[in-house]
Amino acid sequence: MGKPIVAIVGRPNVGKSTLFNKLAGKRISIVEDTPGVTRDRVYAQAEWLNYNFTIIDTGGIEPENNDVIISKMRRQAQVAIETANVIIFIVDGREGLTAADKEVAQMLRKSKKPIVLVVNKIDNMKQENYIYEFYNLGIGEPISISASQGLGLGDMLDKLVENFKNEGNEDEDSEYIKIAFIGKPNVGKSSLINKLLGEERVIVSDIPGTTRDAIDSYLETDEGKFLLIDTAGVRRKSKVKEEIEKYSVIRTYTAVERADVCILMLDATHDISEQDEKIIGYAHELNKAIMVVINKWDLIDKDTKTVNKYKTSIGSSLSFMSYAPYLFISAKTGQRVNRIFKMVRECYDNYCKQIKTGILNDIIGKIVMMKEPPVIGNKRLKIYYVTQIGTKPPTFVFFVNDPKCIHFSYRRYIENQLRDSFDFTGTGIKLEFRERKE
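Residues numbered from 1 in each chain as written. Predicted model: local features only at pLDDT ≥ 70, side-chain atom pairs only at ≥ 80, totals over all residues. Heavy atoms only, no water.

**Q** What am I meant to see in the side chain of Q127 here?
**A** By the element assignment, Q127 lies in the loop between β5 (115-120) and β6 (143-144). Of the residues examined, Q127 reaches a relative accessible area of 14% and is grouped as buried. Beyond its immediate sequence surroundings of up to four residues, Q127 is in contact with K121 and I122. (Helix = DSSP H or I, 4+ residues; strand = E, 2+ residues; numbered from the N terminus. Buried < 20%, exposed > 50% of the residue type's maximum accessible area, 1.4 Å probe, protein only. Contact = heavy atoms within 4.5 Å.)

This is the structure we're talking about:
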């Protein structure tokens with residue numbers, strides 16, 4: 001079965017995102033007073049009493065609202081409910097029982113899923129009496145909490161994990177290759193993900209900025225199991241006026257941190273932007289696996305040199321990640337979309353590559369013989385031994401006489417030689433230099 005999935009559901013502004021962030025242990029979901037800021041499902045991992053589980057924050061359900069975005073939010077919440085093993089139904093204790101709460105409760109009862117009823121905003125003992133009217137919902141005993149202050153969460157989590165089955169609580173997400181799709185707004189990230197999924201999983205709308213959070217979708221193909229993370233496009237800071245948009249920028253960086261493979265999506269009809277460079281530069285700093293997908297290639301007039309010209313035009317901007325492969329596609333027509341997972345798999349396999357210690361030391365010996373390290377101060381770098389200590393990314397530790405003797409140019413030389421000797425296409429690699437005690 002995999003990890004239990006818990007959906008946090010309720011009408012807008014009852015504190016779903018605040019509770020979500022508390023359970024996740026960090027600020028993941030957007031928290032803002034503006035109704036409807038959590039437009040899509042947002043996933044995170046949590047743990048309680050040795051149970052690992054996935055929590056989903058959802059957009060507020062407004063049953064009678066026909067606004068285009070509100071109706072799509074409601075549909076996304078329904079998908080989250082269908083996906084979940086257990087549902088946390090959160091209501092506002094200060095505001096009291098509302099007609100909207102009753103409608104949400106009716107929707108949840110139809111799901112026939114285990115429901116934990118949580119009354120939020122009970123900040124002190126005097127407010128405990130607020131919870132009794134929620135017995136009228138007929139979905140179990142209400143548990144009082146204050147999500148903002150962290151009160152009552154232990155009792156709530158105890159009740160939650162009672163609904164988990166002991167079997168199948170392993171970390172199944174580890175079987176999935178996590179892919180973050182990043183790039184400017186309206187570059188086609190959501191459209192591409194929907195094309196890959198073959199269903200409308202991510203909200204696609206003509207209204208700018210509809211993807212405010214990062215959204216996860218699971219998919220299995222012949223190439224393996226994949227978790228696709230759509231993200232809000234990173235706008236120029238001068239255009240980031242709403243607090244919501246500011247949080248979305250942070251969310252994109254968080255998506256990069258979670259991912260195994262980062263796909264930078266560019267629009268073939270526009271130049272690469274400074275924002276594109278910054279976000280993919282962050283992925284490069286984390287030594288993630290990286291590939292570049294150029295969308296809307298169907299709109300470009302082409303000859304036999306067009307691809308090389310395009311690569312050259314953006315090459316200087318992305319020179320720091322020359323190891324990243326390129327793929328030219330059209331999400332609209334489906335051109336070359338079928339090649340994406342094959343390329344992702346190749347990048348991921350290199351991201352997980354392990355080199356045997358004996359072979360590694362033989363190669364490093366030859367590398368040093370070809371070009372002796374420079375003298376720094378009065379001392380020359382001596383490499384005694386090299387070993388790979390990890391993957392995701394491939395991480396190599398060099399035991400040397402003095403780490404201060406490694407010049408950045410020689411470090412880059414070693415990395416380039418390692419890439420020439422072993423295929424690390426599509427992935428960053430990490431080099432560490434440690435002093436060997438005599």
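**Q** What am I meant to see in the packing of helix α1 (residues 16-24) against helix α4 (residues 153-161) here?
**A** For any two helices packed against each other, one specifies the inter-axial angle together with the distance between the axes. Between α1 and α4, whose axes approach to 12 Å, the crossing angle comes to 80°. By the angle between their axes, α1 is roughly perpendicular relative to α4. When α1 is examined against α4, the residues L19, K22 and L23 are found in contact with a partner set consisting of L153, M156 and L157. (Axes fitted to C-alpha atoms, helices over the stretch in contact; angles between N-to-C directions. Parallel < 35°, antiparallel > 145°, perpendicular 65-115°, else oblique.)

**Q** Teacher, can you tell me more about the pattern of salt bridges here?
**A** Working definition: two side chains of opposite charge can pair if their charged atoms are close together. Considering all chains together, one arrives at 15 salt bridges under this definition. Its salt-bridge partner being D267, residue K296 comes within 3.0 Å of it at the nearest N-O pair. A residue pair is termed long-range when its members are at least 10 positions apart, and K296 in the loop between β11 (289-295) and α8 (306-315) and D267 in strand β10 (residues 261-267) qualify at 29 residues. Among the residues examined, K296 registers a relative accessible area of 24% and is labelled partly exposed. K342 is the salt-bridge partner of E346, the closest N and O atoms lying 3.1 Å from each other. With E346 and K342 both in helix α9 (residues 340-351) and 4 residues apart, the pair spans about one turn of that helix. If you follow the salt bridges from partner to partner, you end up with R11, E95 and D101 in one network. (Salt bridge = Lys/Arg side-chain N within 4 Å of Asp/Glu carboxyl O.)

**Q** How should the nonpolar core be read in this particular structure?
**A** Inside soluble globular proteins, nonpolar side chains tend to come together where they are buried. Counting residues in each nonpolar core, the largest one holds 28 residues, and the members touching the most others are I179, F181, L192, L228, I263 and V344. Of all the secondary structure elements, the ones that give two or more residues to this core are β7 (177-182), α5 (189-197), β9 (224-230), β10, β11 and α9. Of the residues forming this core, the biggest block, 7 residues, is contributed by α9. With residues up to four places along the chain from it excluded, the contact list for I179 reads F226, L227, L228, I229, V261, I263, F341 and V344. Among the nonpolar cores identified, the runner-up in size contains 27 residues, and L266, I290, V292 and W297 belong to it. (Core = buried A, V, L, I, M, F, W, Y, C linked by side-chain atoms within 4.5 Å.)

**Q** Looking at this structure, I do not really get the confidence of the model for the protein. What am I missing?
**A** As a general rule, the predicted coordinates of low-pLDDT regions are not to be interpreted in detail. On average, residues of the protein score 82 in pLDDT, and 79% of them are at 70 or above. No element of the protein has a lower mean pLDDT than helix α6 (residues 243-258), which averages 59, and none a higher one than α9, which averages 97. Considering only residues more than four positions removed or in separate chains, one finds that residues 28-41, a stretch of pLDDT under 50, has 66 contacts. A low-confidence stretch, residues 237-247 stays under pLDDT 50, and its non-local contacts, those more than four residues away or across chains, total 18 contacts. (pLDDT = per-residue confidence, 0-100.)

**Q** Mind showing me how you'd approach the sheet that holds strand β17 (residues 430-435) here?
**A** Backbone hydrogen bonds are what pair the strands of a sheet, in a parallel or an antiparallel way. Within the open sheet, the 3 strands sit side by side as β15-β16-β17. Their pairing is mixed. Only two strands of the sheet have a single partner each, and these edge strands are β15 (383-390) and β17. On average, adjacent strands in this sheet sit at an angle of 25° to one another, irrespective of strand direction. Of the strand pairs in this sheet, strand β16 (residues 395-400) and β17 are connected by 6 bridges, and their pairing is parallel. Within the sheet, the bridge partner assigned to T395 lies in β17 and is K430. Against the sheet, helix α10 (residues 357-370) engages β15 and β16, with an angle of about 135° to β15. Seen against the sheet, helix α11 (residues 408-421) touches β15, β16 and β17 and runs at an angle of roughly 125° to β17. (Pairing = 2+ DSSP bridges.)

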